[in-house]
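Summary of the model geometry
Chain by chain, the residues:
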Amino acid sequence: MSELTFDTLLDDGNYLGSERARLENQVILDELERKKKARNLAVPTDDNKVKARLREIGEPITLFGERPPDRRDRLIYVLSQINAARGDDTMQVDEESSEESSDDEVEEFYSPGSLELLEARRLLAEYSLPRAQKRVAQQRIDSKMPLGRIIDVRKKVFAEVKSFANLGSQIGDERPVAQVRFSPNSKYLLTGSWAGNVKLWNVPDCTPVRTYRGHTDRVGGVAWHPQATVSLGEDVANFVSGAADLSVNLWSLSSETPLATMKGHADRVARVAFHPSGRYVASASFDTTWRLWDVATSKELLLQEGHSKEVFSVEFQNDGALCASGGLDAIGRVWDLRTGRTAMVLDGHVQAIFGISFSPNGYQIATGSGDDTIRIWDMRSLKALYTIPAHMSNVSDVRFFYGDALPPNYSPPDVQMNGADEVDPDTKPADEDHDKALEEWKYRSGLYLASGGYDGFVKLWSADDWQLLRTLPTDGGKVMSIDLTHDGKMLASGTYNRNFQIFTPDGEGV
């Protein structure tokens, strides 16, 4: 299979080449048209009126575990299906609810963008397309894995996850530890605190390496460059931090002062994220926007509006095509960085969204909210897939497990240059073991996720049936942030009590 690029994508006309593809495309277009008409359908906002309308059309007035927003969405869906079956071109509008709807038409508008943003969008497309192609190819391979093998892999992985225990705790700073992030090589931990400091720690020893001072107010987020501590030099931008002093700082590992300070936000900066390519940084702010910055020039490329309240969390998809933002308006949005359009609206939480994470499979998103739940969203169906009643208080952070390309301590089997036609029967089992280990490791990525809450607990969940695997107590304080290493051997949490904790399987050193 040839590699998918931006240029070959434009010239590729094979998708519409078959009659079956045309029919499938028409079905998708019809469904999009139905949803477009459904958005213009005015329905009651009062829950009692919604129930009465459902009773009128012969539908159950409530389903098990259904909340008022979900019930209203179901009414909209049922009414749109009824109108589609009748062949009506226009959607019927309830007389009672017509008075509630606004007469003002929302006009679509566009913000002018720079040539640098246009070039960045093209680079993002060129970067993300081949990565998406490889991800889909790997998912096709995984889909052919025998059921028995999948069950064995799940048992093995979940047995290790269930054995996580507290290895140790360390005082992180003078004020609450706002965020913790492991380095890509899983040997360091970065902490950002409300004292305005960013600190680097050796793990699992929890010994300090360096303190980075450049912020004058609370640090809200830290994020590593994807290649930091792996192939990136220490003197270039290895990580980024955002703080309440309205600044976003780029840091090298070798200097305690920032390489660059990027200013533009009008209010406190909360979470920050590094793009998988390492070229761009996103920052979420209490000025109701999130912004995209160019790492090389330290300039702002994009100021993205779309939230009615403060934006707290921001995260990139692993392909690099999408960015998700979560706000204190209880709404999440998924943005297509290649076009600037909203790909999906995550509407379902009733309190602020504090944590957001893309699954390695590329199409599922987890959001943690102040309503004490984690919602799993599916971008293929554009709706919530599952709601996890996760914590007794705010869900502050949520993270899927992302595995490295190769399992830890992996060594490829010996390759014989001579006598290729002769296979030693003693080496065949070893080769099979290597293949199984590699297959298991690739399947493991995204198989579980972790969450932290203000109830003082860190929890681990399976990412296929969304069941609780392990509950880990911290120091009794609010858990502000959590993270998992790429080798799957450690989990960290930062708490309001100024500490951070390290958890490992069986509570043993790595």
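Residues numbered from 1 in each chain as written. Predicted model: local features only at pLDDT ≥ 70, side-chain atom pairs only at ≥ 80, totals over all residues. Heavy atoms only, no water.

Focus: the side chain of Ser247
Inspection of the secondary structure assignment puts Ser247 in strand E8 (residues 247–251). Engagement of the side chain of Ser247 in a polar contact is seen with the side chain of His215, the distance being 3.3 Å. Here Asp245 takes part through its side chain, which lies 2.7 Å from a polar atom of the side chain of Ser247. In this structure, Ser247 is in contact with His215, Ser241, Gly242, Thr261, Met262, Lys263 and Val269, ignoring residues within four places of it in sequence. (Helix = DSSP H or I, 4+ residues; strand = E, 2+ residues; numbered from the N terminus. Polar contact = N/O pair within 3.5 Å; in protein donor to acceptor, adjacent residues only side chain to side chain. Contact = heavy atoms within 4.5 Å.)

Focus on the nonpolar core
The biggest cluster of nonpolar side chains holds 24 residues, and the ones touching the most others in it are Val334, Phe358, Ile365, Ile374 and Leu449. Sorting the residues of this core by element identifies strand E15 (322–327), strand E17 (342–347), strand E18 (353–358), strand E19 (364–369), strand E20 (373–378) and strand E22 (395–400) as the ones contributing at least two each. By size, the runner-up hydrophobic cluster in this structure holds 22 residues, among which are Phe401, Leu460, Leu472 and Leu491. (Core = buried A, V, L, I, M, F, W, Y, C linked by side-chain atoms within 4.5 Å. Buried < 20%, exposed > 50% of the residue type's maximum accessible area, 1.4 Å probe, protein only.)

Observations concerning unusual backbone geometry
Note the cis peptide between Val203 and Pro204, where omega equals 10°. For Ser298, which is not a glycine, the phi torsion comes out positive at approximately 60°. Taking the relative accessible area as the measure of exposure, Ser298 reaches 23% and is therefore partly exposed. One non-glycine residue, Asp372, adopts positive backbone phi at about 75°. You can see Asp372 is positioned in the loop between E19 and E20.

Some words on the confidence of the model for the chain
Looking at the chain as a whole, its pLDDT mean stands at 87, while 87% of the residues score no less than 70. Of the regions scoring below 50 in pLDDT, residues 90–105 engages in 24 contacts with residues more than four places distant in sequence or in other chains. (pLDDT = per-residue confidence, 0-100.)

Things to note about the sheet that holds strand E13 (residues 299–304)
Taken in spatial order, the 4 strands make up an open sheet running E10-E11-E12-E13, and their pairing is antiparallel. The strands lining the two open edges of the sheet, one partner per strand, are strand E10 (269–274) and E13. Mean inter-strand twist for the sheet, computed between neighbouring axes without regard to direction, equals 25°. Pairing of strand E11 (residues 280–285) with strand E12 (residues 290–294), which is carried by 5 bridges, proceeds in the antiparallel orientation. Bridge assignment links Tyr280 to a residue of E12, and that residue is Asp294. On top of the sheet, helix H6 (residues 115–143) reaches E11 and E13; it is set at about 80° to E13, its chief contact. (Pairing = 2+ DSSP bridges. Axes fitted to C-alpha atoms, helices over the stretch in contact; angles between N-to-C directions.)

As for the packing of aromatic side chains
Each aromatic ring pair is specified by the distance between its two centres and by the angle formed by the two planes. For the structure shown, the criterion picks out 11 aromatic pairs. Judged by centre distance (5.8 Å) and plane angle (90°), the ring pair of Trp194 and Tyr496 falls under edge-to-face. You can see Trp194 sitting in the loop between strand E3 (188–193) and strand E4 (197–202) and its partner Tyr496 sitting in the loop between strand E27 (491–495) and strand E28 (499–505), a full 302 residues away along the chain. The rings of Tyr212, Trp224, Phe239 and Trp251 are connected pair by pair, giving a single aromatic cluster. The ring of Phe401 has Arg444 lying over it, and the distance from NZ or CZ to the ring centre is 5.6 Å. For Lys478, the ring lying beneath its charged end belongs to Tyr496, and the centroid distance is 5.0 Å. (Phe/Tyr/Trp six-rings, centres within 6.5 Å; stacked < 30°, edge-to-face > 60°. Lys NZ or Arg CZ within 6 Å of the ring centre and 35° of its normal.)

Quick word on the packing of helix H3 (residues 47–56) against helix H4 (residues 68–86)
Orientation of H3 relative to H4, taken along the N-to-C sense of each, is 35°, at an axis distance of 10 Å. Considering only the axes of H3 and H4, their crossing is left-handed. Residue-level contacts link Asp47, Val50, Lys51, Arg53 and Leu54 of H3 to Pro68, Arg71, Arg72, Arg74, Leu75 and Leu79 of H4. Residue composition of the contact of H3 with H4, grouped by class: 5 nonpolar, no polar and 6 charged. (Left-handed = near helix turned anticlockwise from the far one by under 90°. Nonpolar A, V, L, I, M, F, W, Y, C, P; charged D, E, K, R; others polar.)

A look at H3
Buried within H3 are the following residues: Asp47, Val50, Arg53 and Leu54. An end-on view of H3 places all buried positions within 120° of arc, on one side of the element. Opposite its buried face, H3 presents the exposed residues Asn48, Arg55 and Glu56, each directed more than 90 degrees away. With a side-chain oxygen positioned 3.2 Å from the backbone nitrogen of Asn48, the residue opening H3 is Asp46. Looking one or two residues past H3, Gly58 carries a phi angle of roughly 80°, positive in sign. (Arc of directions from axis to C-beta.)

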